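Here is how the chains run, residue by residue.
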Amino acid sequence: MKNCRAHMAMEERYARLEIDYTSIEEKKKICNLVNDLIAKYHISPQITVEPATVETGEYVIEFHDDYDKKAGPFFEELLASLGIKKCD
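Everything numeric here is computed off the predicted structure, so don't read it as measured data.

A closer look at the pairing of strand β4 (residues 57-63)
Here's step 1: For β4, the tally of buried residues reaches seven of seven residues, placing the bulk of the element in the interior.
Here's step 2: Going residue by residue along β4, you find Gly57, Tyr59, Ile61 and Phe63 tucked away on one face and Glu58, Val60 and Glu62 tucked away on the opposite face as well.
Here's step 3: Alignment of strand β3 (residues 46-51) against β4, held across six bridges, turns out to be antiparallel. What sits directly across from proline 51, in β4, is glycine 57.
Here's step 4: Joining the antiparallel neighbours β3 and β4 is a turn of five residues.

Some details on the packing of aromatic side chains
Here's step 1: Applying the stated criterion to the full structure yields four aromatic pairs.
Here's step 2: With 5.6 Å between their ring centres and 75° between their planes, phenylalanine 63 and phenylalanine 74 make a pair best called edge-to-face. Of the two residues, phenylalanine 63 sits in strand β4 while phenylalanine 74 sits in helix α2 (residues 71-82), which places them eleven residues apart along the sequence. As far as burial versus exposure is concerned, phenylalanine 63 and phenylalanine 74 are alike and both buried.
Here's step 3: Taken together, a centroid distance of 5.5 Å and an interplanar angle of 70° make the contact between phenylalanine 63 and phenylalanine 75 edge-to-face. Pair noted here: phenylalanine 63 is in strand β4 and phenylalanine 75 is in helix α2, with a separation of twelve residues, a long-range link.
Here's step 4: By way of ring pairs, the aromatic residues Tyr41, Phe63, Phe74 and Phe75 are connected into one cluster.

Thresholds, definitions, all that
Residues numbered from 1 in each chain as written. Predicted model: local features only at pLDDT ≥ 70, side-chain atom pairs only at ≥ 80, totals over all residues. Heavy atoms only, no water. Buried < 20%, exposed > 50% of the residue type's maximum accessible area, 1.4 Å probe, protein only. Helix = DSSP H or I, 4+ residues; strand = E, 2+ residues; numbered from the N terminus. Pairing = 2+ DSSP bridges. Phe/Tyr/Trp six-rings, centres within 6.5 Å; stacked < 30°, edge-to-face > 60°.

So, in structure tokens, the structure goes:
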């Protein structure tokens, strides 16, 4: 997904990943991958989709009180699956 950009913020037990999507297909792919990884890691992050237009927007994944430190591996696998090599 060459058009997607990612922004990450992490603190002690808090982690947030924002992925900008530029088409409905990208949004669907992000959503499907996130759902698959939620089942794999047995986690329940807070998810928000913030549309800018009908086709573009931001997919936001947040972890609060991440005691088990699952956010890092979850984010790494998600970004690798999406082909995103770099975060801002």
